[in-house]
Amino acid sequence: MATRMKILRTIADLYAWRSAQKEAHRPIALVPTMGALHEGHLSLIRRAKQEADAILVSIFVNPIQFGPKEDLDKYPRDFEGDCKKAESAGASAVFAPTPEEMYPEGFQTHVSVGPLSECLCGKSRPTHFGGVCTVVLKLFLASGCDIALFGQKDYQQYQVITRMVKDLHVPVKLISCPIVREADGLALSSRNTYLTADARKAALSLPRALDAVADAWSKGERNLKVLLQPVGDAIAKAGGRLDYAEIRTAEGLKEFGEKADCDAVLAAAAVFDGVRLIDNRLLRF
Ligand code: AMP
């Protein structure tokens, strides 16, 4: 019989839960989230069930990964709904600490990953990945997880965390899961709830522009300028503003010269009526 999902609020609760799993020799999989759970998050929880016995979902809107002018205060929150969704997808426990629990008075240790966190999203969000890595490492250490699952939606985040795990010899196996999309192609995101009907329509220009690039790539085009040139125009025509669209190496996010010559990732961010969305495509060589 399935046991009821546990709700853990403090690091002490988490340690106790972790000890019980270790004693029962149940491998732990962690799915870190900021809540407002949607099918993208749930796909990670379902995948985690295939990989481990004890599935921990963290729900924490991490203040240190938001810039001063970003949406920390209005970030969508629905804790009860999230718990129901997490449990039905197979979570064994939810860890939902307060900011004070995670960052008590006197907190002053931060993880910083180098150039990988400074490109793409890091240009307009210079403190973002430091905040992500700090919270993710804290969650890895406190949960004692064996495995952690992330979405390909946040492609750069996965690359940065992969680097951190290698560099700091963190004994956690990372798994990247496919992007879950709406029927029309828009990637699911908790931030989609901010979109007005008009902005929602305009936002479709982002996945469509990336599809067009992927299509040109599949026909053999490898010149970056030629591939990327139409993206900004397509998004501007729909009423959005492109933050960036770049093609970099799929592993390590290195810049190409004029032409791509190995597996690549096309990553982009654009703003629609004040809402910043990201998306990406893997381009196999
Ligand atoms: P967030 O709550 O936005 O911080 O996301 C938590 C995790 O869910 C991250 O690993 C994201 O990459 C992943 N995720 C978010 N949206 C999607 C999506 N549409 N498809 C797959 N994974 C997603």
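Residues numbered from 1 in each chain as written. Predicted model: local features only at pLDDT ≥ 70, side-chain atom pairs only at ≥ 80, totals over all residues. Heavy atoms only, no water.

J.: Outline the site of the ligand, listing residues and values.
T.: Taken together, 17 residues lie around the ligand, and H41, G151, D154, V180 and L188 are the ones closest in. V180 places a main-chain nitrogen or oxygen 2.8 Å from a nitrogen atom of the ligand. L188 has a polar backbone atom sitting 2.9 Å from a nitrogen atom of the ligand. Coverage of the ligand by the protein chains reaches 93% of its 480 Å² of free accessible surface. Every element with two or more residues in the shell around the ligand is listed here: β2 (28-33), α2 (39-51) and β5 (147-151). The biggest single contributor to the shell around the ligand is α2, with three residues. Split by residue class, the shell around the ligand holds nine nonpolar, six polar and two charged. (Near = heavy atom within 4 Å. Polar contact = N/O pair within 3.5 Å; in protein donor to acceptor, adjacent residues only side chain to side chain. Areas by Shrake-Rupley, 256 points an atom, 1.4 Å probe, with all protein chains shown as cover. Helix = DSSP H or I, 4+ residues; strand = E, 2+ residues; numbered from the N terminus. Nonpolar A, V, L, I, M, F, W, Y, C, P; charged D, E, K, R; others polar.)

J.: Can you break down helix α1 (residues 11-23) residue by residue, with the values?
T.: An ideal rise of 1.5 Å per residue puts 18 Å on 13 residues; α1 measures up with 18 Å between its terminal C-alpha atoms. Buried within α1 are the following residues: L14, W17 and Q21. Burial along α1 is one-sided: seen end-on, the buried residues are contained in an arc of 65 degrees. Exposed and oriented more than 90 degrees from the buried face of α1 are A12 and E23. Considering only its buried residues, α1 is in contact with β1 (6-8), β2, β3 (54-59), β4 (93-95) and α6 (128-143). In the stretch just after α1, H25 is the one whose phi turns positive, near 55 degrees. (Expected span 1.5 Å × (residues − 1). Buried < 20%, exposed > 50% of the residue type's maximum accessible area, 1.4 Å probe, protein only. Arc of directions from axis to C-beta. Contact = heavy atoms within 4.5 Å.)

J.: Can you explain the packing of α6 against helix α7 (residues 155-167)? Please cite residues and give values.
T.: With their axes 10 Å apart at the nearest point, α6 and α7 run at an angle of 55 degrees to one another. Looking at the two axes, α6 sits oblique to α7. Remark: the crossing between α6 and α7 carries right-handed chirality. On α7, the residues that touch F129, V132, C133, V136, L137 and F140 of α6 are Q156, Q157, V160, I161, M164 and V165. (Axes fitted to C-alpha atoms, helices over the stretch in contact; angles between N-to-C directions. Parallel < 35°, antiparallel > 145°, perpendicular 65-115°, else oblique. Left-handed = near helix turned anticlockwise from the far one by under 90°.)

J.: Got a sec to walk through the sheet that holds β1? Specific residues and values, please.
T.: Pairing within the open sheet is parallel, and its six strands lie in the order β1-β4-β3-β2-β5-β6. Sheet topology places β1 and β6 (173-177) at the edges, where each strand pairs with a single neighbour. The average angle at which neighbouring strand axes cross in this sheet is 25 degrees, direction not considered. Here β3 runs beside β4; their pairing, made up of three bridges, is parallel. Pairing of V57 across the sheet is with V94, part of β4. Its contacts with the sheet put α7 on β5 and β6, and the angle it makes with β6 is roughly 170 degrees. (Pairing = 2+ DSSP bridges.)

J.: Provide a residue-level description of unusual backbone geometry, including the pertinent values.
T.: Phi angles above zero are rare outside glycine, and L120 is one such case at about 45 degrees. The exposure class of L120 is buried, given its relative accessible area of 4%. Even without a glycine there, the phi angle at D273 is positive, about 50 degrees. With respect to the helices and strands, the residue D273 is situated in the loop between β8 (264-272) and β9 (275-283). The class for D273 is exposed, based on a relative accessible area of 59%.

J.: Let's hear about the domain arrangement of the chain: which residues, and what values?
T.: Entries for the chain in the domain assignment read domain 1 (7-177) and domain 2 (190-280). Computed from C-alpha atoms alone, the centre-to-centre distance between domain 1 and domain 2 is 26 Å. At the interface, 22 residues of domain 1 touch 17 residues of domain 2. Both faces considered, domain 1 and domain 2 share a buried interface measuring about 1,700 Å² in area, 51% of it formed by carbon and sulfur atoms. Per-residue buried area on domain 1 facing domain 2 is highest for L120, K153 and Y155; these three make up 34% of the total on that side. For the interface between domain 1 and domain 2, the tally reads two salt bridges. For R191, the salt bridge goes to D71, with nearest N and O atoms at 2.8 Å. The interface formed by domain 1 and domain 2 contains 12 residue pairs in polar contact (both at pLDDT 80 or more). Of all the elements in the fold, those that place two or more residues in the side of domain 1 that touches domain 2 are α5 (121-124) and α7. Taken together, the residues that form the side of domain 1 that touches domain 2 break down as nine nonpolar, seven polar and six charged. (Domains from an automatic or database assignment. Buried area = accessible area lost by both parts, 1.4 Å probe. Salt bridge = Lys/Arg side-chain N within 4 Å of Asp/Glu carboxyl O.)

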